[in-house]
Amino acid sequence: MVLVFAESPRGQFKKSAFEAVTYGKKVAELLGTTCVALCLGTTKDAGELGRYGASSVLNVADSTFDQFDSQAFAAAIVGVAKSNGATVVILGHTAIGKSIAGRVAVRLNAGLVSGVNSLPTINGNALRAKKSVFSGKAIAEYEITSAIKVLSLMGNAVKPEAMGSAVAVEEVSVGAANGRIRVKSVKTQEGIVPLPEAEIVVSAGRGMKGPENWGMVEEMASILGATTACSRPVADAHWRPHHEHVGQTGIAIRPNLYIAIGISGAIQHLAGVNNSKVIVVINKDAEAPFFKAADYGVVGDLFEVVPRFNEALKKFKAG
Ligand SMILES: Cc1cc2nc3c(=O)[nH]c(=O)nc-3n(C[C@H](O)[C@H](O)[C@H](O)COP(=O)(O)OP(=O)(O)OC[C@H]3O[C@@H](n4cnc5c(N)ncnc54)[C@H](O)[C@@H]3O)c2cc1C
């Protein structure tokens, strides 16, 4: 059986849960087995995971799992995997998935490939999975030969596919959550889609000259319903907050649309954004390396181009 951990922070599934279940269903088909989804904590509409290919959904509805605790979550996933005889465990390669995949693999004595980006191939008892390495410059293929295999799935690597119908949810118990961490309070930023989940990102770099000029970037983001990002020197100079920094040493993103304004396109920046579906670059230097990675480019002064771009977007939206 393939067990997929479907994350439901604050009781709601994120896109990564539907991606993981879609992927789990396809892996289960390759292995000739079933795909079972697991949710931890109070979860709304858990049965909906059936639409994405889960043949059944297990829910540990214990409210102690409403707050994330890596030890307790890993222990619960391992418990359910063992009691159901899972041979493959799949998690999303999200902040939560990354922090528990290693623990789960160790406790199951399983091989782990983190950040897989395509369907594996099966070779007897071995499973081969690919992931991108060296900042996206190469693809490595790993073979796992342990009895149980653990995979964490890179965001946007598969499209969630509705291929079934909702299924009944089976409540299961895993005993008391025994993590040593107690969450005392959680503060969430309302109204802004976090960068790893954003479908549209408007990002700007040192070409902006200073933080006082970011109004036009924020305006573009607000018209498009986008999340804002920046290059590393911009965050280092405190022009923008560090949580906006994307790239090799920042957040890796995979939006449908990435608009880069006044960013040169250094390899370390590209490492975090080159999996975007469509890249638009605005830069006054026609030789800027970013143009090589761009789907669309505007060579021009951003202080002229961006305000005109925003006016055109507003007209387009109004019309
Ligand atoms: C180990 C390491 C890790 C790193 N990690 C990261 C990372 O995670 N993320 C990251 O971003 N960087 C990272 N860097 C830094 C990276 O190498 C680049 O220095 C950085 O990305 C450059 O930022 P920038 O493009 O904003 O600035 P610049 O390189 O200064 O480029 C500014 C761009 O703006 C353009 N421009 C200027 N004025 C205008 C105008 N008026 N109109 C239009 N265009 C204009 C210029 O033509 C230029 O292309 C890392 C570096 C190292 C060594």
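Going by the structure above, here's the rest.
The paragraphs below set out a description of the structure included in this document.

**Details of the site of the ligand**
Turning to step 1, where the next piece is worked out: Around the ligand lies a shell of 26 residues, among which S231, T249, S264, Q268 and N283 are the nearest.
Turning to step 2, where the next piece is worked out: Contact between the ligand and R232: an oxygen atom at 3.0 Å from a main-chain N or O atom of the residue.
Turning to step 3, where the next piece is worked out: A distance of 2.9 Å separates a nitrogen atom of the ligand from a polar backbone atom of V246.
Turning to step 4, where the next piece is worked out: Burial of the ligand by the protein amounts to 77% of the accessible area it has alone, namely 990 Å².
Turning to step 5, where the next piece is worked out: Looking at the shell around the ligand, the elements with two or more residues in it are helix 5 (232-236), helix 6 (267-273) and helix 8 (302-318).
Turning to step 6, where the next piece is worked out: Of the residues belonging to the shell around the ligand, the class tally is six nonpolar, 14 polar and six charged.

**Re a positive patch on the surface**
Turning to step 1, where the next piece is worked out: Among the surface-exposed residues, K82, R103, R107 and R180 lie close enough to one another that they form a single positively charged patch.
Turning to step 2, where the next piece is worked out: If you trace the backbone, R107 turns up in helix 3 (residues 95-107).
Turning to step 3, where the next piece is worked out: The class of R107 is partly exposed, set by a relative accessible area of 40%.

**Some words on the pairing of strand 9 (residues 149-153)**
Turning to step 1, where the next piece is worked out: Burial within strand 9 is extensive, with five of its five residues counted as buried.
Turning to step 2, where the next piece is worked out: Residues of strand 9 alternate between two faces, with K149, L151 and L153 on one and V150 and S152 on the opposite face, all of them buried.
Turning to step 3, where the next piece is worked out: Relative to strand 9, strand 4 (residues 88-92) is paired through five bridges, and the arrangement is parallel. Of the residues in strand 9, the one forming a bridge with V88 is K149.

Parameters and conventions
- Residues numbered from 1 in each chain as written.
- Predicted model: local features only at pLDDT ≥ 70, side-chain atom pairs only at ≥ 80, totals over all residues.
- Heavy atoms only, no water.
- Near = heavy atom within 4 Å.
- Polar contact = N/O pair within 3.5 Å; in protein donor to acceptor, adjacent residues only side chain to side chain.
- Areas by Shrake-Rupley, 256 points an atom, 1.4 Å probe, with all protein chains shown as cover.
- Helix = DSSP H or I, 4+ residues; strand = E, 2+ residues; numbered from the N terminus.
- Nonpolar A, V, L, I, M, F, W, Y, C, P; charged D, E, K, R; others polar.
- Patch = residues over 30% accessible without salt bridge, like charges linked within 9 Å, V, L, I, M, F, W, Y side chains within 5 Å.
- Salt bridge = Lys/Arg side-chain N within 4 Å of Asp/Glu carboxyl O.
- Lys, Arg positive; Asp, Glu negative; His and termini not counted.
- Charge placed at Lys NZ, Arg CZ, Asp CG, Glu CD.
- Buried < 20%, exposed > 50% of the residue type's maximum accessible area, 1.4 Å probe, protein only.
- Pairing = 2+ DSSP bridges.

Nothing here speaks to function; it is all geometry.
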